[in-house]
Amino acid sequence: MMKQLSIIFFSLLSLGNPASAQSLKAVNEVIDCGQVTFRRPVSIDYEVKNTSGGPLTITNVRTSCGCTTVSYPQTVIPAGGSATVTVSYDAKQLGHFDKQIALYTSSAGEALMLTLKGIVVTKVIDYAGDYPYKLGDIAADKIDLEFDDISQGERPQQKIHIMNTTSKAIQPVVMHLPNYLKADVSPSKLAPGQSGVVTIMLDSRSLTQFGLTQTGVYLGRNPGDKVAQNKEINISAVLLPAFRNMTEKEYELAPKLHVSETTLNLGAPGKKKKLKGDIFIMNEGKTTLEITSLQMFTGGVEVSLPTTQLAPGEVVKLHVVGNVKQLRAARSKPRVLMITNDPKRPKVVIDIEMEK
């Protein structure tokens, strides 16, 4: 038998016992419903498991508002057994919602906290674009993300539209996230043929160096899915130095970068395994130009520079060597990134091209 309960939220945190281990755990403590239609209640099932080592019952439920109701079993849940808790949200208000539910049990353990979130809309809007890429069994509109020209302190976001191409419901999860990235999948569960959105959020405060930082994360079909190369999302971020507090006089005396070209064509490879080219860099400013970072977005490119500090008027040659085989296999466009102390041009990207 199921018991229907709706209780005004008093203080979920104060009623728990943080010193006690949790006796009830959920497969997914946070579930995102995605888009929910206005005035159409949504119900979500949470699978919970008894981890206490003995039988228990759910004795009480508290919610963060009266618009959320909870149905739960009154019967005993044996040790190691599972049960289903159904949470319903009455979608009477437009906009984002984030509701908390606390489940208390006959065990001495602390309450299990569940979260239900989503967005109430007047009309569900589906992504109308294409899904040209595959991340395992999941179709996607992109597999490469670039967070370009980020200043320290910024928290930009980018989205990947996905679709479940399998014949079963899935719970997509982003795996192997570094500390400067967070990910959210909405909705949390996708039925066969259903679309969703993966939001990747970058916290620039956790980036440790200026210039290019690259990583690969993986989109699994379900929690615990195996990592594989065909599920990889490539993510790059370019953090720029800040020049906000410079005075007018400092700007006047600053170094000034000049690059002979920002696209370097290495020509046709023919039977060559490597191609070479040069770009000239000059300091047209009044103080020393410092090249603080010189990095490649892809493999297959090597660069050399005789010095990273150019006196006013000095010219140096940036020598570029391209590996033909690696350039042909590159997933994204080969580029060289240069970070400098020129406040008006702290970043330069040089595109590397090769004729067929």
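Refer to the structure presented above.
The rules we used
- Residues numbered from 1 in each chain as written.
- Predicted model: local features only at pLDDT ≥ 70, side-chain atom pairs only at ≥ 80, totals over all residues.
- Heavy atoms only, no water.
- Pairing = 2+ DSSP bridges.
- Helix = DSSP H or I, 4+ residues; strand = E, 2+ residues; numbered from the N terminus.
- Axes fitted to C-alpha atoms, helices over the stretch in contact; angles between N-to-C directions.
- Buried < 20%, exposed > 50% of the residue type's maximum accessible area, 1.4 Å probe, protein only.
- 1 Å grid on protein atoms, 1.4 Å probe; cavity = no way out; pocket = protein on both sides within 12 Å on 5 of 7 lines; lining within 4 Å.
- Points joined across faces, edges and corners; volume = space filled by probe spheres on them.
- Nonpolar A, V, L, I, M, F, W, Y, C, P; charged D, E, K, R; others polar.

Participant: Looking at this structure, how should I read the sheet that holds strand β5 (residues 58-63)?
Facilitator: Strands sit in the order β3-β9-β8-β5 across an open sheet of four strands; the sheet is mixed. With one partner strand each, in any of the chains shown, β3 (30-37) and β5 form the two edges of the open sheet. Here the strands of the sheet are splayed against their neighbours by 20° on average, with no regard to which way each runs. Judged from the five bridges that link them, β5 and strand β8 (residues 95-105) form a sheet pairing that is antiparallel. If you follow T63 over to β8, its bridge partner there is I101.

Participant: Mind showing me how you'd approach the pairing of strand β27 (residues 347-353) here?
Facilitator: Along any regular strand, the residues point their side chains to alternate faces of the sheet. For β27, a buried count of five out of seven residues is recorded, marking the element as mostly surrounded by other parts of the structure. In the sheet, strand β20 (residues 263-265) pairs with β27 via three bridges, with the strands oriented parallel. Looking at the pairing, L264 lines up with I352 of β27. Direction of pairing for strand β26 (residues 335-340) relative to β27: antiparallel, over a ladder of five bridges. From the neighbouring strand, V336 faces β27, where its bridge partner is I350. Between the end of β26 and the start of β27, which pair antiparallel, lie six residues.

Participant: Would you mind showing me how to read unusual backbone geometry here?
Facilitator: Peptide bonds are, in most cases, trans, and in most cases residues other than glycine have a negative phi. Put simply, S186 and P187 share a cis peptide bond, and its omega is -5°. Along the chain, P187 falls in the loop between β15 (181-186) and β16 (195-202). You will see that R39, though not glycine, has its phi angle at about 65°, which is positive. When you line up the elements, R39 lands in the loop between β3 and β4 (42-50). The residue D149 is not glycine, and still its phi comes out positive at about 55°.

Participant: So what exactly am I meant to see when it comes to the layout of surface pockets here?
Facilitator: Gaps left between atoms are located by rolling a probe of water-molecule size over the structure's atoms. Counted as a void, the largest pocket has a volume near 660 Å³. Around the largest pocket sit 29 residues that line it, and G34, Q35, I119, S186 and V197 are the ones nearest its centre. The dominant element in the lining of the largest pocket, judged by the number of residues it contributes, is β16, at five residues. Considering only residue class, the lining of the largest pocket consists of twelve nonpolar, eleven polar and six charged.

Function cannot be inferred from these measures alone, as they are strictly geometric.
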